[in-house]
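Each chain, written out:
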Amino acid sequence: QQQVKQSPQSLIVQKGGIPIINCAYENTAFDYFPWYQQFPGKGPALLIAIRPDVSEKKEGRFTISFNKSAKQFSLHIMDSQPGDSATYFCAASGNAGGTSYGKLTFGQGTILTVHP
Amino acid sequence: NAGVTQTPKFQVLKTGQSMTLQCAQDMNHNSMYWYRQDPGMGLRLIYYSASEGTTDKGEVPNGYNVSRLNKREFSLRLESAAPSQTSVYFCASNRQGRGNTIYFGEGSWLTVV
């Protein structure tokens, strides 16, 4: 049972484009939504995260948009660069007794390629 | 600044063999986790340890055991490896609490033939 669904599976854009990756979740107990970036041969690294009390969060060229009623959130990468080429994962977790925020449920991942 | 360190990086096992993946963190984190990553499925939680002395099952625990040896170390054991356990394994850690960043190791590539 996939509780976080991510799309698209792969995405190709030109340098300067704005790739958008979408995620949808089912569990209304989720209240922490991070995005991870993973380069080949490396572990995932936290990129940006949002909580459901805000609808948007920006950090540099990366923006998360969050729609609580639709149970959807998305990652936008402004002015994308070839160095942004990586696999991106959305994730979600919630508080079940205070110890559950590391119990992430991940989306399937999106392979982003940014052409020069 | 090592962060989360996993060993070995690569391993090939024969079906039925056993092995232990080692993980250590130097960030004084309470909580540690083992995930596996398979193509098209993201990362799935195998086991976690909320604090020293406690362990609990995640989404896909069958075929695995864990030991939280001390606050720094959390090992994952495959008692009788199966081809379905061919995967990339990631150890992770964080301080307990909402929004505390989870740090991942660089992964252990395991092939079971």
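These lines cover the structure that appears in this document, whether it is placed above or below.

The rules behind the values
- Residues numbered from 1 in each chain as written.
- Chains lettered and ligands numbered in written order.
- Predicted model: local features only at pLDDT ≥ 70, side-chain atom pairs only at ≥ 80, totals over all residues.
- Heavy atoms only, no water.
- Helix = DSSP H or I, 4+ residues; strand = E, 2+ residues; numbered from the N terminus.
- Rg over C-alpha atoms; globule rule 2.2 N^0.38 Å.
- Buried < 20%, exposed > 50% of the residue type's maximum accessible area, 1.4 Å probe, protein only.
- Contact = heavy atoms within 4.5 Å.
- Pairing = 2+ DSSP bridges.
- Disulfide = S-S within 2.5 Å.
- Phe/Tyr/Trp six-rings, centres within 6.5 Å; stacked < 30°, edge-to-face > 60°.

Let's talk about the overall build of chain B
Stage number 1. When its secondary structure is counted, chain B shows zero helices and 11 strands.
Stage number 2. Along its sequence from the N terminus, chain B presents helices and strands in the succession β-β-β-β-β-β-β-β-β-β-β.
Stage number 3. By the compact-globule yardstick of 13 Å for 113 residues, chain B fits well, its C-alpha radius of gyration being 13 Å.
Stage number 4. In terms of principal-axis extent, the alpha carbons of chain B reach across some 40 × 30 × 25 Å.

What to know about the side chain of Arg36(B)
All names here are of chain B.
Stage number 1. By the element assignment, Arg36 lies in strand S4 (residues 31-37).
Stage number 2. Since its relative accessible area comes to 8%, Arg36 is described here as buried.
Stage number 3. With residues near it in sequence (within four places) discarded, Arg36 still touches Gly42, Leu43, Arg44, Ile46, Val60, Tyr64, Ser84, Gln85, Thr86, Ser87, Val88 and Tyr89.

Description of the pairing of strand S2 (residues 10-14) of chain A
Residues and elements named next belong to chain A.
Stage number 1. Of the two faces of S2, the one lined by Leu11 and Val13 is fully buried and the one lined by Ser10, Ile12 and Gln14 carries no buried residue.
Stage number 2. Sheet topology places S2 next to strand S11 (residues 110-115); five bridges connect them, and they run parallel. What sits directly across from Ser10, in S11, is Ile111.

Focus on the state of the cysteines
Stage number 1. Per the stated rule, a full pass over the model turns up two disulfides over all chains.
Stage number 2. Residue Cys23(A) pairs covalently with Cys90(A) via a disulfide, S to S 1.9 Å. Here Cys23(A) and Cys90(A) share a disulfide; its torsion about the S-S bond, -95 degrees, makes the bridge left-handed. With Cys23(A) in strand S3 (residues 20-25) and Cys90(A) in strand S9 (residues 86-94), the pair connects residues that are 67 residues apart, well separated along the chain.
Stage number 3. Put simply, Cys23(B) and Cys91(B) are joined by a disulfide, and their sulfur atoms are 1.9 Å apart. Between Cys23(B) and Cys91(B), the S-S torsion sits near -75 degrees, and that sign places the bridge as left-handed.

What to know about unusual backbone geometry
Stage number 1. Backbone torsion omega between Ser7(A) and Pro8(A) reads -5 degrees, so that peptide bond is classified as cis.
Stage number 2. Within the secondary structure, Pro8(A) is located in the loop between strand S1 (4-7) and S2.
Stage number 3. A positive phi is found at Asn28(B), a non-glycine position, where the angle reads about 60 degrees.
Stage number 4. Secondary-structure assignment places Asn28(B) in the loop between strand S3 (19-25) and S4.
Stage number 5. Overall, Asn28(B) belongs to the exposed group, its relative accessible area being 54%.

Observations regarding the packing of aromatic side chains
Residues and elements named next belong to chain A.
Stage number 1. The final tally for this structure, using the stated rule, is 19 aromatic pairs over all chains.
Stage number 2. Aromatic side chains Tyr25 and Phe30 sit 6.3 Å apart centroid to centroid with 55 degrees between the ring planes, which places their arrangement in the tilted category. When sorted by exposure, Tyr25 lands in the same class as Phe30, which is buried.
Stage number 3. Ring geometry for Tyr25 against Phe33: centres 4.8 Å apart, planes inclined by 45 degrees, an arrangement best described as tilted.

Some details on the pairing of strand S5 (residues 43-49) of chain B
Residue and element names in this part refer to chain B.
Stage number 1. Counting buried positions along S5 gives seven out of seven residues, so the element sits mostly inside the fold.
Stage number 2. By the bridge criterion, six bridges tie S4 to S5 in an arrangement that is antiparallel. Considered in S5, the bridge of Tyr33 is made with Tyr48.
Stage number 3. Relative to strand S6 (residues 56-57), S5 is paired through two bridges, and the arrangement is antiparallel. Opposite Tyr48, over in S6, you have Asp56 as the bridge partner.
Stage number 4. Here S5 folds back onto S6 in antiparallel fashion, the turn holding six residues, of which Gly53 has a positive phi close to 95 degrees.

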